[in-house]
Amino acid sequence: MLHIVLATARPEAMQAFAAALSSNPEVNLQQANSGAEALEAARASAPHLVIIDANLPDTAPLDLVQKLLMVNAMVNTAVVSPLSDDEFHEASEGLGILGRLPTEPGMEAASDLLHKLKMVLGVG
Amino acid sequence: MQSTIVAIPSTHPGGLEAPLGAHFGHCDLYTLVKIAEGKVMEVTTLPNVPHQQGGCLAPVNHLAQNGVQVLIAGGMGMRPLMGFNQVGIDVLYGNGAQTVRQAVEGLLKGTLPRFTTEFTCGGGGGAPQMGKV
């Protein structure tokens with residue numbers, strides 16, 4: 001079972017994406033409403049993946065990635081970002097982020113992300 | 001006799017005279033140097049593992065599983081650095097060493113600083129680009 005935390009303050013915009021993840025029988029999806037909640041989830045249960053939406057109320061996405069790394073570097077991350085792939089790579093280099101997601105990800109983004117996660121975990 | 005296994009990212013074919021691998025996660029292989037009583041006791045090599053996006057922890061787990069206790073690197077990102085710290089592998093900064101031998105000599109003389117987040121490349125620390133993972 002893949003334990004995934006979705007940190008978002010925009011549940012409506014992420015609804016299709018979250019539904020696609022939840023519909024996968026291998027996924028246990030936990031929602032967090034803030035960076036603090038995502039950090040607490042990482043401390044409590046070491047999820048396989050934390051997905052970080054833009055515009056969280058308490059932290060910028062890449063700052064949250066760094067905080068998560070200090071808690072547990074084994075936790076994979078994905079980040080919603082309006083940047084292009086090149087810009088995002090430049091901004092996030094060294095943080096080992098699994099992937100960038102568009103601002104309104106859907107089923108395809110969920111499928112791609114799960115594929116990447118399984119590859120990194122060696123279960124794909 | 002207590003010994004320490006030190007890993008140094010290297011270019012092919014590895015060994016004491018090999019140049020350091022500039023890109024930690026993308027190096028050709030690792031030279032493993034066993035040190036005891038301040039001397040080099042044994043030199044071997046360890047193949048690297050394939051690297052993929054988001055897979056920065058693969059070399060961390062690889063080295064930990066092969067008994068490495070110390071890593072000397074010229075550059076790496078924040079994620080693998082945190083990973084090494086969390087699995088108990090000490091990371092030292094190569095401090096300009098050009099070859100594995102120079103890096104090991106620096107270690108034995110105690111001139112290599114601990115690799116902290118200030119040395120990390122890219123978005124993890126905002127420091128100058130010193131290598132990629």
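Residues numbered from 1 in each chain as written. Chains lettered and ligands numbered in written order. Predicted model: local features only at pLDDT ≥ 70, side-chain atom pairs only at ≥ 80, totals over all residues.

(A) The arrangement of the overall build of chain A in detail. Each helix and strand in chain A was counted, giving five helices and five strands. Counting helices and strands in the order they occur from the N terminus, chain A gives β-α-β-α-β-α-β-α-β-α. Relative to a compact globule of 124 residues, whose C-alpha radius of gyration would be 14 Å, chain A shows 13 Å and is just as compact. Taken along its principal axes, the extent of the C-alpha atoms in chain A is 30 × 30 × 25 Å. Relative to its 124 residues, chain A shows a buried fraction of 43%. (Helix = DSSP H or I, 4+ residues; strand = E, 2+ residues; numbered from the N terminus. Rg over C-alpha atoms; globule rule 2.2 N^0.38 Å. Buried ≥ 20, exposed ≤ 12 C-beta atoms within 10 Å, placed from the backbone.)

(B) Layout of the nonpolar core. Residue and element names in this part refer to chain A. Counting residues in each nonpolar core, the largest one holds 73 residues, and the members touching the most others are A38 and V50. Counting residues per element, this core draws most heavily on helix α5 (residues 107-121), which supplies five residues. Dropping the residues within four chain positions of it, A38 is found in contact with V5, A7, A32, V50, I52 and L64. (Core = buried A, V, L, I, M, F, W, Y, C linked by C-beta atoms within 7 Å. Contact = placed C-beta atoms within 7 Å.)

(C) The interface of chain A and chain B, seen in detail. Taken together, the contact between chain A and chain B spans 19 residues of the former and 20 residues of the latter. Elements that contribute at least two residues to the side of chain A that touches chain B include exactly α3 (61-71), α4 (85-92) and α5 of chain A. For the side of chain A that touches chain B, the per-class residue count stands at 11 nonpolar, six polar and two charged. (Nonpolar A, V, L, I, M, F, W, Y, C, P; charged D, E, K, R; others polar.)

(D) Quick look at the sheet that holds strand β2 (residues 27-32) of chain A. All names here are of chain A. Taken in spatial order, the five strands of this open sheet run β2-β1-β3-β4-β5, and their pairing is parallel. Across the chains shown, the open sheet's two edge strands, defined by having one partner strand only, are β2 and β5 (99-101). Pairs of neighbouring strands in the sheet enclose a mean axial angle of 20°, with direction left out of account. Where strand β3 (residues 49-52) meets strand β4 (residues 76-80), four bridges bridge the pair, whose relative direction is parallel. Across the sheet, residue L49 finds its bridge partner in β4, namely N76. Packed on one face of the sheet, helix α1 (residues 15-22) meets β1 (2-7) and β2 and runs near 145° to β2. (Pairing = 2+ DSSP bridges. Axes fitted to C-alpha atoms, helices over the stretch in contact; angles between N-to-C directions.)

(E) Quick look at the sheet that holds strand β1 (residues 3-10) of chain B. All names here are of chain B. What the five strands build is an open sheet, ordered β3-β2-β1-β4-β5; its pairing is mixed. Whereas interior strands pair on both sides, the edge strands pair on one side only; in this sheet they are β3 (39-47) and β5 (90-93). Averaged over neighbouring strand pairs, the angle between their axes works out to 25° when direction is ignored. In this structure, strand β4 (residues 70-73) lies alongside β5, joined through four bridges in parallel fashion. Within β5, the position partnered with V70 by the bridge is D90.

(F) Summary view of the environment of L16 of chain B. Residue and element names in this part refer to chain B. On the secondary structure map, L16 appears in the loop between β1 and β2 (29-36). Along the primary structure L16 and L46 are separated by 30 residues, whereas in three dimensions their C-alpha atoms are 13 Å apart. The contacts of L16, once residues within four sequence positions are left out, are V43, V100 and R101.

(G) Molecular detail of α1 of chain A. All names here are of chain A. The complete set of buried residues in α1 reads F17, A20 and L21. Burial along α1 is one-sided: seen end-on, the buried residues are contained in an arc of 100°. Contacts from the buried residues of α1 go to β1, β2 and α5. (Arc of directions from axis to C-beta.)

(H) Seen up close, the packing of helix α2 (residues 35-45) of chain A against α3 of chain A. Residue and element names in this part refer to chain A. Following both chains from N to C, one finds α2 and α3 inclined at 20°, their axes separated by 10 Å at the closest point. By the angle between their axes, α2 is roughly parallel relative to α3. Of the two elements, α2 crosses α3, and the hand of that crossing is right-handed. Where α2 abuts α3, its residues G35, A38, L39, A42 and R43 lie against L64, K67, L68 and V71. (Parallel < 35°, antiparallel > 145°, perpendicular 65-115°, else oblique. Left-handed = near helix turned anticlockwise from the far one by under 90°.)

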